[in-house]
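What follows is the residue order along each chain.
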Amino acid sequence: VGPLVLKAQNVLLKKHLQRQASRLGLRFDELIDSSQKAPQMLVAELEQPGVLEEISAWKEKWPECFVVLSVTEPDKELWIAAETAGADLVANRGALPRLVHDRLKLLQQGRMLVKKKVLEKAKPVMNQGDGLIGRLPDSTEDPIAVFKWKDKVCAVRDICPHAGFSLADGAFDPENGTITCPEHGSRFQVCSGERLRGPADYPLKKYRAFENGGEITVEIEQDG
Ligand code: FES
């Protein structure tokens, strides 16, 4: 098993995680030596300031590293923001050490923890210029909307983080590539997922999407 990194502040959490790791003859390091092998697991806390930016940079550098975040608030949209940033597992602080133990065991058995990606076909939407070009209402994940903006094909979760309405039919602004929620006006950039205006508090989960000869596909994580 490669390096395991623990970036948590909570003393109890750290203690429980180290205990679970040591049951398997493993241990977490608190610092990563960049000359080392790529880390196989990172555990951090969602409440730490800047953690979402940090894990998204981390995932860019080490896409195969399994990223675990502990949370203390049962806020679904905050969890989704964590997954959007690249977290592979988000769990309550109390349940986390046990779940990490199970994942470490799988790592020891040589199993891959990061889910495989598959391409799913979107239903095309007639559109001449920029804007909505496809939808995956029944994707194996959540519903997804696909947009074209300045020759880029961008896909986002089609659920407004404010109150769960669909965004696909909201007003699209071709100037900035933004979609405005038809219900209460939250606004998002469709390629970055960034939230530009509330009342929604969080950005949109984004997906990699492709258009090839009129066929639109979206990359989705495969379960199991
Ligand atoms: S549901 Fe989108 S802003 Fe309220």
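Report follows, based on the coordinates. (Residues numbered from 1 in each chain as written. Predicted model: local features only at pLDDT ≥ 70, side-chain atom pairs only at ≥ 80, totals over all residues. Heavy atoms only, no water.)

Counting secondary structure elements, the chain contains four helices and 15 strands. Taking 224 residues into account, the globule formula puts the C-alpha radius of gyration at 17 Å, and the chain, at 19 Å, falls close to it. In terms of overall dimensions, the chain has a C-alpha envelope of 60 × 35 × 30 Å along the principal axes. Taking all 224 residues of the chain together, 45% fall into the buried category. Considering only contacts within the chain whose residues lie at least 6 apart along the sequence, 52% involve residues at least 24 apart. When the accessible surface of the chain is split by element, carbon and sulfur atoms take 49% of a total near 11800 Å². Taking the average place of the 31 positive charges on the side chains of the chain and the average place of its 33 negative ones, the gap between the two points comes to 7 Å. (Helix = DSSP H or I, 4+ residues; strand = E, 2+ residues; numbered from the N terminus. Rg over C-alpha atoms; globule rule 2.2 N^0.38 Å. Buried < 20%, exposed > 50% of the residue type's maximum accessible area, 1.4 Å probe, protein only. Contact = heavy atoms within 4.5 Å. Areas by Shrake-Rupley, 256 points an atom, 1.4 Å probe, with all protein chains shown as cover. Lys, Arg positive; Asp, Glu negative; His and termini not counted. Charge placed at Lys NZ, Arg CZ, Asp CG, Glu CD.)

Before going further, it helps to spend a moment on the state of the cysteines. This model, assessed by the stated rule, comprises one disulfide. The disulfide partner of Cys 154 is Cys 191, and the S-S distance across this bridge is 1.9 Å. Across the S-S bond linking Cys 154 and Cys 191, the dihedral sits near 75°, which makes this disulfide right-handed. Placement of Cys 154 in strand 9 (residues 152-157) and of Cys 191 in the loop between strand 12 (187-189) and strand 13 (195-197) is noted, with a sequence separation of 37 residues between them. For Cys 191, a relative accessible area of 18% puts it in the buried group. (Disulfide = S-S within 2.5 Å.)

These values are about where atoms sit, not about what they do.
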